[in-house]
Structure formats: structure tokens, C-alpha cells
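# Geometric and topological summary
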Amino acid sequence: MDISAPLRLRVDRDALVANWQALDRLSGRAACGAAVKANGYGLGATLVAETLADAGCRDFFVASWAEALALAPLGLSLCVLHGLRQEDMAAAKAGVARPALSTPEQIARWRESGGGACDVMVDTGMNRLGVSVDAVAEGLLDGLEIDTLLSHLACADEDVPMNARQLAAFAGLKGRTTARRMSLANSAGIGLGEDYHFDLTRPGLALYGGVPRPDMAAHLRQVARPEAQILQRRQVPAGETVGYNATWTAPVETQVAIVNLGYADGYRRALSGLGVALLEGESLPVIGRVSMDLTAIDVSARPDLAEGDWLAMDYDLAQASTLSGVSQYELLTGLGQRFGRG
């Protein structure tokens, strides 16, 4: 039996494409790829990858081999950022993606398997994944068939000296390896300027409508819009409360819609009393506590709304992050699996 979901996630494919095109322009002479890890930042990796490939994107980045295998039918150029465990060898040798080797052990494992095209992650100061700059200078990568030499910026969303230090460390590796390309800039790194772009940029957050740096906001459009169905419309008398812990009290008689959306779906409890639903340009406030599966909306301004109608939730990522204190990344990737997507 096919039962339609009482909540849905609208993915604006035109906005997604427009964001990639804007980031491609901002990347200057560098090619612009796309990070589609974490299920396309919560929006659906296949949907995102197909859309961007049709728009002209040619380089895609995932976290794991499971993510790569899920996208394998699309025939994309994929890089697996989390490298190469022994358990991953069968998938890696099947040729569905390139591993981003990040330890001497992974490099040895790849060589012993017969090698082939790979990427390599270099740590330039983040102290997360990557081989050291010194090890590269000492010849660790000699003889590898490297497509892209990668590093990752730790603080690109801030104007701090560490950005320049990482840039200098990475730029110092030009010509020191057989790498066909070099890639440093993530979404925020694109906004740092041409010096950071190298041959290939790899945006994530900004593709999906997040604003990694305030000076990039004008270039980006909202992509994800949660929508929820009204399960019940009720009249709450003045003085009555709504929701857990009775945090909201009706100042006057209030019309309230209960919608099928909650923190189990990624609509964060931190948006209690702060979020809004949108209908034809009108803002309808969230009232009371957001609970696991339900959220209350003041719909007094819309007597036409009834059980079964749909409301779109305002989900401007930068604004929602400011209101809730939750990062834009978490607001995106936390969107749950109960949404119908499209």
C-alpha cells in the first residue's frame, strides 16, 4: 500500500543549479565541483548529483564508499574523501570512485593493490585527515597516479591568519607531486578569493542555500523548504497553554494548527517560539515547544486554513541558524527520512 507522507521536503532544483553556477563563476578559472556527501547534505544525493551533472558539474565528493556505490549508476567522477580502509578495497578496485588517501598506511595499501588513479589529502593545519606537508616533500607520494591533491581549510568562514598559513603550506606543494590538479577551497574558501581556488573548488553548504560568509549571501538562493500537513485546527481560549511544559499561554482566543513536523524530522526544538510557517507571503508563528512529531502554529490570521492543508516552514538557513544557535550544516543534514522528497 502506497501512503503519501504528511510532510514533504521541496528541493528547488532551479535554485540548486543557480547556486552551483554562481559558485562556478566565483571560482574563476578553477573548475567547480560539488560535495554530495551525507545524502546530498540531507536533500537526496541522487537528486542533487543528477541535477548538477545536467548543469555541467563534473566532480563530485562523498564521504564513504557506501555513498560512492549508491551513486555509481550515474557514472560520475567521484572522490571518496574518507580514504581507503582494508574493508573498502573491493569497492575501490571496482573503479566506481577514487580514494582520497590520507595516511601512509592507506598509500601503502593502494600501492600493494596495484595502484591506479587516486586523490591524496594533505593536512595543512586542520589536524583532521591528511598526510603531512613534510612527508609529501620527503617523497611519500612519489610514483602515485594522483588526480587531485587536496587539503581543507579550517577557518575559511572567518578572516583569520590561519587561512593564509594554510594557503602558503598548500601552495608550496605545487610541482612537488605528480598531481594533475590541486584543490583547497570549500564553500567559504571560494569567498576568500582567487589565490585559494587552485584548479578545483569543492563547495558543499553554499550549493544548498547555506551562507558560509556574509559577503556571499547575495549570490545564493534557498534550496530546501520543509512543508507539513495540518492534522488538526483547534481554538485555544485565552489563558490556556499549548505544548510541553506550557511554555506558551494564549493572550487572547487563538486559532492553532497542529502540523505533522517535529524534531525527529530535523525541525529543531531550538526553533520553539522562534520559527514561522509561510503562506502566500504571510508569516504564521510557531508557538509552544516543538515536540518530536508535532509543531503548533498560530493561524488566527488565516481562517481559511483547515485540516489537510499544507504549510511551508521558513527555512532560510542563515536566519534559522541565527535564531536557533544551530549551525547551518546541522539544520540541513539533520532533515529526517520521513519527508517525501521532490
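Where an unreviewed UniProt entry is consulted, the chain appears under the name alanine racemase, with the organism given as Sphingomonas sanguinis. As its UniProt record puts it under Sequence similarities (unreviewed entry), the chain is described as follows: "Belongs to the alanine racemase family."

## Quick word on unusual backbone geometry
Positive phi, normally seen in glycine, also occurs at asparagine 39, with a value near 55 degrees. Among the structural elements, asparagine 39 can be located in helix 2 (residues 37–41). Despite not being glycine, glutamate 280 shows a phi value in the positive range, around 50 degrees. A residue is classified by how much of its surface remains accessible, and glutamate 280, at 70% relative accessible area, is exposed.

## Notes on the packing of aromatic side chains
Scanning all chains against the criterion turns up two aromatic pairs. Ring geometry for tyrosine 41 and tyrosine 208: centres 4.8 Å apart, planes at 20 degrees, overall stacked. You can see tyrosine 41 sitting in helix 2 and its partner tyrosine 208 sitting in the loop between strand 11 (200–201) and strand 12 (224–236), a full 167 residues away along the chain. The residues tyrosine 41 and tyrosine 208 share a single accessibility class, namely buried.

## Concerning the domain arrangement of the chain
Partitioning the chain into domains gives domain 1 (33–208) and domain 2 (224–341). Taking the mean C-alpha position of each, domain 1 and domain 2 sit 38 Å from one another. Of the residues lining the interface, eight residues belong to domain 1; the matching set on domain 2 comes to nine residues. Around 760 Å² of area is buried between domain 1 and domain 2 when both sides are counted, 67% of it from carbon and sulfur atoms.

## Quick notes on the nonpolar core
A general trend in soluble globular proteins is that nonpolar side chains are found buried together. The biggest cluster of nonpolar side chains holds 90 residues, and the ones touching the most others in it are Leu43, Phe60, Val120 and Leu311. The dominant element in this core, judged by the number of residues it contributes, is helix 3 (residues 45–55), at six residues. Lining this core are residues from two domains, each supplying at least three of them: domain 1 (33–208) and domain 2 (224–341). Once residues within four sequence positions are removed from consideration, leucine 43 is found in contact with Leu9, Val11, Val48, Tyr208, Val223, Ala224, Leu332, Leu335 and Arg341. In terms of nonpolar packing, the next biggest core, distinct from the first, is built from eight residues, Val236, Val256, Ile258 and Ile287 among them.

## A closer look at helix 1 (residues 13–26)
Taking 1.5 Å per residue as the helical rise, helix 1 with its 14 residues ought to reach 20 Å, and the 20 Å between its terminal C-alpha atoms agrees with that figure. Residues of helix 1 that are buried: Ala15, Leu16, Val17, Ala18, Asn19, Trp20, Ala22 and Leu23. Of the residues that open helix 1, the one with a side-chain oxygen 3.1 Å from the backbone nitrogen of aspartate 14 is aspartate 12. Where helix 1 ends, the next residue or the one after it, glycine 28, has phi of about 60 degrees, a positive value.

## Let's talk about the side chain of arginine 213
Among the structural elements, arginine 213 can be located in the loop between strand 11 and strand 12. On the basis of relative accessibility, which here comes to 6%, the residue arginine 213 falls in the buried class. Setting aside its immediate chain neighbours within four residues, arginine 213 contacts Ala156, Asp157, Glu158, Asp159, Ala188, Gly191 and Leu192.

## Section: the packing of helix 1 against helix 3
Taken N-terminus to C-terminus, the directions of helix 1 and helix 3 make an angle of 55 degrees; their axes are 10 Å apart at the nearest point. When the axis of helix 1 is compared with that of helix 3, the two are oblique. Classified by chirality, the crossing of helix 3 by helix 1 is right-handed. Contacts from Arg13, Leu16, Val17 and Trp20 of helix 1 reach helix 3 at Leu47, Val48, Thr51, Leu52 and Ala55.

Thresholds, definitions, all that
Residues numbered from 1 in each chain as written. Predicted model: local features only at pLDDT ≥ 70, side-chain atom pairs only at ≥ 80, totals over all residues. Heavy atoms only, no water. UniProt positions renumbered as here; feature names shortened; annotations may be inferred. Helix = DSSP H or I, 4+ residues; strand = E, 2+ residues; numbered from the N terminus. Buried < 20%, exposed > 50% of the residue type's maximum accessible area, 1.4 Å probe, protein only. Phe/Tyr/Trp six-rings, centres within 6.5 Å; stacked < 30°, edge-to-face > 60°. Domains from an automatic or database assignment. Contact = heavy atoms within 4.5 Å. Buried area = accessible area lost by both parts, 1.4 Å probe. Core = buried A, V, L, I, M, F, W, Y, C linked by side-chain atoms within 4.5 Å. Expected span 1.5 Å × (residues − 1). Polar contact = N/O pair within 3.5 Å; in protein donor to acceptor, adjacent residues only side chain to side chain. Axes fitted to C-alpha atoms, helices over the stretch in contact; angles between N-to-C directions. Parallel < 35°, antiparallel > 145°, perpendicular 65-115°, else oblique. Left-handed = near helix turned anticlockwise from the far one by under 90°.

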